[in-house]
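# Analysis of the macromolecular model
Each chain, letter by letter, is given below.
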Amino acid sequence: MGTTASQLSKESLSEYQELTFLTKQEILLAHKRFTELLEKHEKDQIDARVPMGKIITLPELKSNPFKERICRVFSTSEQKDGSLTFEDFLDLLSAFSDSATLEIKSHYAFRIFDFDDDGTLDCADLEKLVNCLTGETNDAKLSSTEMKQLISNILEESDIDKDGTVNLSEFQHVISRSPDFVSSFKIVL
Amino acid sequence: MAEKRKHKKQCAEDAQKLSSWQQWRQSTRKYLRRMRDESEEWLNSLKLWRGDIHLIEGMFGTGILSYFSFLRFLVTLNFFIFLLMFGFVMLPIIIAPHASGNITFSYCSVYKSDSRRGLVNYHKYITDLLSGEGFLEQTYLFYGFYNVDKIHFSHITYNLALAYLLVTIGYLFLSLIWIVKRSAAGFKHNLIQDEDCFQSFCNKIFAGWDFCITSENAAKLKKKTLLYELKTDLEDEKIKQKIAERTHKEKCRLYFIRLILNLFVIGVLAACFYCIYLATIFSQKAQMNEQKVNFIVDLIYEYLPSIVITFANFITPVLFSFIINFEDYSPAFEIRFTLLRCVFMRLTSIVVLLFSVWSRITKCKDGPCICGYNHDLYPCWETHVGQEMYKLTIFDFIVIVSVTIFVEFPRKLLLRYSSSALAKWMSQQEFSIPQNVLEIVYGQTICWIGTFYCPLLPAICTLKYFFIFYIKKVSLIKNCRPATRPFRASSSNFFFLGVLLIGLTLASLTYTSFLYRINCSQACGPFVNYNTSWGVVPATVYQLPEGVKKLLLALSSEAFAVSCFVLTCLAMFYVIALAGAHKRVINELRHQLEMVGLLILYNNKVLFSPQREGVNHVK
């Protein structure tokens, strides 16, 4: 029942308001920005998909080191290629909005940081995460000893059952005590 | 989205099974929630500077954003304080049909009006505008203009003196409640967790990236900052180990060095305070001197205390950050300690200024003062204190604007157009959040202290912070880049509001000491019929009906105060004990989780070990 017709119908608008954390203005703005990304012939199609390459040209995502991961996490396409429909886009904005709860945000943050999609954050995931945060160039990376020390510190703080990985509940627990998370995990158009 | 729809259908089906009463309750709850969301949305749209702050957030991240939203908070706070003052003190006077002054004339109440008559040089007006004297003295700006005690309207008598005092207490309370409410979230985190959690690695890694950054430059800078932060923290760990391994001899040497340096710091502070004291006394004497030398020199004499304070506040942070290098603390503690010293310097300089003014007001030529204050030099001492606060505010604003225009812009031009070694050394200046915050907290403390003596000061401060927002925004975008040393949004929020609370406490203390100890002027102001400004409250209480009077007297008695204190202590002990118990339970549960995890691992090993596999196969 999705729509990417040039105008959002009133029923869809109120339905989206109920199903997401977004306000009416935010949904309308999202609709406007999404239709700008569509090709001309797709503008009247229902359930049109925008490929990942176009989504990551949005200014809000352009400089984000996690832009591909975000697209893949919120994408509902069968080919797992990171393309988003309008409803996926709304889900994305809803999870990153101001009024989203901590559980929703931490759930999606976990999925975004889980680079190999295996349901836990192991050492490889954490290493990729740190490299995304500090930059990919050689002089921006931490040395391997520093990386090992950092990862062992992280696991010490967050791995409660000492199995060497961070699962969802441990992640949510450590996020609930992190004061910066709610204010930094936010995208507003 | 499809899952959400399924869930919604499920909820709707479940709702059908409920009775009609519960259905109605559910739908009302939904409706109320939607109303609340819409009103919050409407309130948010009224917020000042939404677009600008969104832009700054995108360009610089949440650390610098916290500074600008703090500035916005101060603009709103000052505006509400001004509304309070205006509504309860100025408005009645403006619309007053008949005001009663009732000044009993004595030698204490001689007040020569200083307004200029006849032909005056134009630059006298400028001096008056900048120093609050002359034509500005007898205006709504200063305490001395409010010469009415009670205002008689057609049906009621409005006790202006009482209103004036209560509004002062009221806005101090309003500020306190608003600040505490704003800092509640950050405070909760700080209390529940150990101190180190703000610096914890998980916080930096999992919550490290600001998803709201939109500019490429800011993203690069953020990555650099994060890298620097992580490296520093890993260094910190090594330093902590080193500290733990210090020998006895090294410790003694270090403590000795620290003692010497701290004494040196105290000496520097004492020297600065003494300079401020001398400058104030000199300035006061020069103002009393009837001979005016020269337009510029007069202005300098007027502004001498402000100049000395600003100068001291420029040098001392540089000095402190230089000294702390020798004291060998951990980097996190270094930052905090230097900041603490700077805070102390800034706020105490105001106290020293007020103290010097007080010593001049209460010192009379021959022995103790007859009127309780020096009525020859200061017939209306409150106006005088108000003028000093007014001058401090104006000078503070002038300094901020001048530093931006005359120091930061040329520095940027120098950097762009010259590639000499000097230019490289002066490299692009950093927007240091702590120093900027101290600047505006200093201004806000002056506003709080001065509002009683200069009721229009909140309005002036609102305008001042309004302009400072735009000046700082332009300066940030054009000139500076954010500091490499990161300042986290959460801890910065807590830091800003903590320093603000210190300023508020200082303001309250100055009120209690000034209004309680020095007799109010007999020549001006609404309190001429009372000994001290506080005197209006007992006088009013005694005129109230019997029941209310007894209640109020009981509330202010010692018995009530002591029992209140005991009850508060008990409540505090209970809450602390509760928190301790919760902490213990959390630790127990953690251990249990560990045990369960180990047990699962062990079971897995045993169940799926090779020998067992053979057995299972056979079965």
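All residue numbers here refer to positions counted from 1 along the written sequence of the relevant chain. Chains carry letters from A onward and ligands carry numbers from 1 onward, assigned in written order. Local features in this predicted model are restricted to residues of pLDDT 70 or higher, and side-chain atom pairs are both shown and tallied only at a pLDDT of 80 or more, whereas totals for entire chains, interfaces and linings draw on every residue. Where side-chain values are given, they derive from all heavy atoms of the structure, hydrogens and water being excluded.

In the nomenclature of an unreviewed UniProt entry, chain B is known as Transmembrane channel-like protein of Oreochromis niloticus. Regarding chain B, the UniProt comment filed under Subcellular location (unreviewed entry) reads as follows: "Membrane". UniProt positions are given in the numbering used here, feature names are shortened, and annotations may be inferred rather than shown by experiment.

In the annotation of an unreviewed UniProt entry, the entry for chain A reads Calcium and integrin binding 1 (calmyrin), and the organism field reads Oreochromis niloticus.

All names here are of chain B. Where helices and strands are cited, they refer to DSSP runs of H or I of at least four residues and of E of at least two residues respectively, numbered from the N terminus. Residue placement: G372 occurs in the loop between α12 (331–361) and α13 (381–417). The partly exposed category is assigned to G372, whose relative accessible area is 25%. Residues G372 and E245, spaced 127 residues apart in sequence, show a C-alpha to C-alpha distance of 62 Å. Categorising residues by exposure relies on relative accessible area from a 1.4 Å probe, with only protein chains included: less than 20% of the type maximum marks a residue as buried, more than 50% marks it as exposed, and the intermediate range marks it as partly exposed.

Below, the discussion takes up the UniProt feature "domain: EF-hand" (unreviewed entry) in chain A. Per the UniProt annotation, the sites labelled "domain: EF-hand" (unreviewed entry) are residues 101–136 and 146–181 of chain A. The distance separating the terminal C-alpha atoms of residues 101–136 of chain A is 32 Å; by composition the span is 67% helix and 0% strand.

All names here are of chain B. Mapped onto the present numbering, the UniProt feature "transmembrane region" (unreviewed entry) falls on residues 73–95, 156–180, 259–283, 303–326, 338–358, 494–516 and 559–581. In the segment residues 156–180, helix accounts for 84% and strand for 12%; the C-alpha atoms at its two ends are 37 Å apart. Secondary structure within residues 303–326 divides into 96% helix and 0% strand; the distance between the first and last C-alpha atoms comes to 36 Å.

Any two residues whose heavy atoms approach within 4.5 Å are treated as being in contact. Across the boundary between the two partners, chain A contributes 59 residues, which contact 44 residues of chain B. Here chain A packs against chain B, burying approximately 4800 Å² in sum over the two surfaces, 60% of which is carbon and sulfur. Its largest share of buried area at the contact with chain B, chain A owes to L19, L133 and D180 of chain A, together 13% of the area lost on that side. Within this document, salt bridges are pairs made up of a side-chain nitrogen of Lys or Arg and a carboxyl oxygen of Asp or Glu, the two lying within 4 Å of each other. Inspection of the chain A/chain B interface yields five salt bridges. Simply put, the buried area is the total loss of 1.4 Å probe accessible area from both parts when two parts are fitted together.

Once that is clear, we can look at unusual backbone geometry. A positive phi angle, near 55°, is found at D117 of chain A, a position not held by glycine. Position of D117 of chain A among the secondary structure elements: in the loop between α7 (102–113) and α8 (123–134). Accessibility expressed as a relative area gives 57% for D117 of chain A, which makes it exposed. Here the phi dihedral of D328 of chain B falls at roughly 55°; this positive angle occurs in a residue that is not glycine. Of the residues examined, D328 of chain B reaches a relative accessible area of 32% and is grouped as partly exposed.

Here the focus is the state of the cysteines. All names here are of chain B. Cysteine sulfur atoms are paired as a disulfide whenever they come within 2.5 Å of each other. Within the structure shown, the criterion is met by one disulfide over all chains. Residue pairing for C380: its cysteine sulfur links by disulfide to C524, the two sulfurs lying 1.8 Å apart. Judged by the sign of its S-S torsion, about 95°, the cystine formed by C380 and C524 is right-handed. Note that C380 is positioned in the loop between α12 and α13 and C524 in the loop between α17 (489–517) and α18 (536–543), a separation of 144 residues in sequence. Pair check on accessibility: C380 and C524 agree, each one buried.

Turning next to the packing of helix α3 (residues 50–60) of chain B against helix α4 (residues 62–94) of chain B. Residue and element names in this part refer to chain B. Lines are fitted to the C-alpha atoms to define the axes, a helix being fitted only along its stretch in contact, and any angle between axes, read from their N-to-C directions, falls within 0 to 180 degrees. Where α3 contacts α4, the axes come no closer than 8 Å and their chain directions differ by 160°. Judged by the angle between their axes, α3 and α4 are roughly antiparallel. Read as a crossing pair, α3 and α4 show a hand that is right-handed. Here I53, I56, E57 and F60 of α3 come into contact with α4, specifically with T62, I64, L65, F68, S69 and R72. Polar here means any residue other than Ala, Val, Leu, Ile, Met, Phe, Trp, Tyr, Cys and Pro, which are nonpolar, and Asp, Glu, Lys and Arg, which are charged; Gly is therefore polar. Of the residues contributing to the contact of α3 with α4, the split by class is six nonpolar, two polar and two charged. An angle counts as roughly parallel when it lies under 35 degrees, as roughly antiparallel when it exceeds 145, as roughly perpendicular when it falls between 65 and 115, and as oblique in every other case. Left-handed describes a crossing whose near helix is turned anticlockwise from the far helix by less than a right angle; the clockwise case is right-handed.

All names here are of chain B. Stacked, tilted and edge-to-face pairs are distinguished by plane angle, under 30 degrees for stacked and over 60 for edge-to-face with tilted covering the rest, among Phe, Tyr and Trp rings (Trp via its six-membered ring) whose centres lie within 6.5 Å. Following the criterion strictly, the structure yields 53 aromatic pairs over all chains and no others. Of the aromatic side chains, those joined through ring pairs into one cluster are Y140, Y143, F145, Y146, Y164, W358, W381, F452, Y453, Y511, F514 and F527. Any Lys NZ or Arg CZ found within 6 Å of a ring centre and within 35 degrees of that ring's normal is scored as a charge over the ring. Across the ring face of F320, the terminal group of R341 is positioned such that the distance to the ring centre comes to 5.9 Å. Across the ring face of Y442, the terminal group of R346 is positioned such that the distance to the ring centre comes to 5.5 Å.

All names here are of chain A. Partitioning chain A into domains gives domain 1 (10–95) and domain 2 (102–184). What counts as a domain boundary in this text is fixed by an automatic or database domain assignment. For domain 1 versus domain 2, the distance between C-alpha centres works out to 26 Å. Listed as interface residues are eight residues of domain 1 and, on the opposing side, twelve residues of domain 2. Across the interface of domain 1 and domain 2, roughly 930 Å² is buried in total on both sides, 73% from carbon and sulfur atoms. There are one salt bridge connecting domain 1 and domain 2. Here D117 and R69 are joined by a salt bridge, their closest N and O atoms 3.3 Å apart. The element best represented in the side of domain 1 that touches domain 2 is helix α5 (residues 67–74), accounting for four residues. In the side of domain 1 that touches domain 2, the residues fall into seven nonpolar, no polar and one charged.

So, on to a positive patch on the surface. On the surface, R25, R29, K30, R33 and R36 of chain B cluster together to form a positively charged patch. Given a relative accessible area of 40%, R25 of chain B falls into the partly exposed group. Only residues whose relative accessible area exceeds 30% and that form no salt bridge are eligible for patches; like-charged ones are grouped when within 9 Å, while nonpolar side chains (Val, Leu, Ile, Met, Phe, Trp, Tyr) are grouped when within 5 Å. Reported accessibility uses the Shrake-Rupley method at a 1.4 Å probe radius. Residues are deemed covered only where the shown protein chains occlude them. A positive count includes Lys and Arg, and a negative count includes Asp and Glu. His and the chain ends are not counted in either. All charge positions are set by atom: Lys at NZ, Arg at CZ, Asp at CG, Glu at CD.

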